[in-house]
Amino acid sequence: MPTPRHSPADTGFGVVSLLQVSMLGYFAVSTISGGRWVAEIYGCNLEVLENPKLVELALRDAVFKLGAPPGSVQATVYKFYPQGLSAAVLSPVAAVMMHTWPEDKASAALDLYFYKHDVDPESVLRGLARAFGAQEESAFRFWRGNEHEIKRRAQAAQASNRS
């Protein structure tokens, strides 16, 4: 028997239902905490960037700092040959993903998702940049319920400003 199709006006998966979900989601956004930060880091230490165990440790630490409870974290790392890797560390309240491009100025892309309002994602991102020896970072920061901010900063310039 063929699968029944839903018309746009019914309450199945038609247009009306999607609009209703979308409208409900719109009103709920202001009450959801957390955010998503997408960053690219450049000029990293290749010995760290190419080491699956060190990458996993750094991402695990980041997920815990983003509020993951002990025992809730799952990790996977895939090493490409001859170079590069992809990694994901997930928990119910935070996730950090990474993909590296050693051949492109020893760079990596990071995705940070977090769902708690009492964490310091800026500190977590700085910690990851330090862990990988990044010389520069470019990030897009999106706080749920707020406007996003685009920043680009050089790690070396910040270090000299702290002195």
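The following refers to the structure shown. Small disclaimer: the values here were computed from a predicted structure and weren't measured. (Residues numbered from 1 in each chain as written. Predicted model: local features only at pLDDT ≥ 70, side-chain atom pairs only at ≥ 80, totals over all residues. Heavy atoms only, no water.)

**Description of the overall build of the protein chain**
Definition in use: Segments assigned H or I by DSSP are reported as helices when at least four residues long, segments assigned E as strands when at least two residues long, and all are numbered from the N terminus. Think of it in three bands: with a 1.4 Å probe and only protein chains considered, a residue is buried below 20% of the maximum accessible area for its type, exposed above 50%, and partly exposed in between. The Shrake-Rupley method, run with a 1.4 Å probe, gives the accessible areas here. Residue values count only the displayed protein chains as cover.
A tally of regular secondary structure across the protein chain gives five helices and seven strands. Within the protein chain, buried positions represent 35% of all 163 residues. Of the roughly 10,100 Å² of accessible surface on the protein chain, a fraction of 59% belongs to carbon and sulfur atoms.

**Section: unusual backbone geometry**
Put simply, Tyr81 and Pro82 share a cis peptide bond, and its omega is 20°. Mapped onto the elements of the fold, Pro82 is located in the loop between β2 (74–79) and β3 (85–90). In this structure, Ala106 takes a positive phi of about 50° despite not being glycine. Residue position: Ala106 is located in the loop between β4 (94–101) and β5 (107–114).

**Describing the nonpolar core**
Note the threshold: Residues belong to one nonpolar core when they are buried, are Ala, Val, Leu, Ile, Met, Phe, Trp, Tyr or Cys, and are joined through side-chain atoms within 4.5 Å. Any two residues having at least one pair of non-hydrogen atoms within 4.5 Å are treated as being in contact.
Grouped together as the largest cluster of nonpolar side chains are 34 residues, with contacts concentrated most on Leu59, Leu110, Leu112, Leu128 and Phe132. Secondary structure elements with two or more residues in this core: β1 (35–42), α2 (46–49), α3 (52–65), β3, β4, β5 and α4 (121–131). Here this core takes five residues from α3, the largest share from any one element. Other than its neighbours up to four places away in sequence, Leu59 contacts Ala87, Val89, Val96, Met98, Leu110 and Leu128.

**So, the side chain of Asp111**
So the rule is basically this: N or O atoms closer than or at 3.5 Å make up a polar contact, with two conditions inside protein: a donor-capable atom paired with an acceptor-capable one, and, for residues adjacent in sequence, both atoms drawn from side chains.
By secondary structure assignment, the location of Asp111 is in strand β5. A distance of 2.8 Å separates polar atoms of two side chains, one belonging to Asp111 and the other to Arg36. Those residues in contact with Asp111, other than ones at most four positions away along the chain, are Arg36, Trp37, Val38, Ala95, Val96 and Met97.

**Looking at α3**
Here is the rule we go by: Here, expected helix span is obtained from the residue count minus one, scaled by 1.5 Å.
The terminal C-alpha atoms of α3, which comprises 14 residues, lie 20 Å apart, in line with the 20 Å expected from a rise of 1.5 Å per residue. In the core, the buried residues of α3 are packed alongside α2, β3, β4, β5 and α4. Residue Gly67 follows α3 closely and has a positive phi angle near 110°.

**Some words on the side chain of Lys79**
Topologically, Lys79 is positioned in strand β2. Engagement of the side chain of Lys79 in a polar contact is seen with the side chain of Glu50, the distance being 2.7 Å. Among the polar contacts made by the side chain of Lys79, one reaches the main-chain carbonyl oxygen of Gly84 at a distance of 3.4 Å. Contact partners of Lys79, with chain neighbours within four places excluded, come to Glu50, Pro52, Gly84 and Leu85.

**Some words on α4**
Quick note on the threshold: The arc in question is traced by the directions running from the helix axis to the C-beta atoms.
All of the buried residues in α4 are Pro121, Glu122, Val124, Leu125, Leu128 and Ala129. Projection of α4 onto a plane perpendicular to its axis shows the buried side chains occupying an angular sector of 160°, all on one side. The first or second residue beyond α4 is Gly133, which carries a positive phi of 70°.

**Structural notes on the pattern of salt bridges**
Selection criterion: Should a side-chain nitrogen of Lys or Arg be within 4 Å of a carboxyl oxygen of Asp or Glu, the pair is scored as a salt bridge.
Enumeration over the complete set of coordinates arrives at seven salt bridges. Here Arg36 ties to Asp111 by a salt bridge, and the two come within 2.8 Å at their closest N and O atoms. Pair noted here: Arg36 is in strand β1 and Asp111 is in strand β5, with a separation of 75 residues, a long-range link. Note that Lys65 is salt-bridged to Asp61, the shortest N-O span being 3.0 Å. Pair noted here: Lys65 and Asp61 are both in helix α3, with a separation of four residues, about one helical turn. Overlapping salt bridges, with partners in common, bring together Glu122, Arg126, Glu137 and Arg141 in one network.

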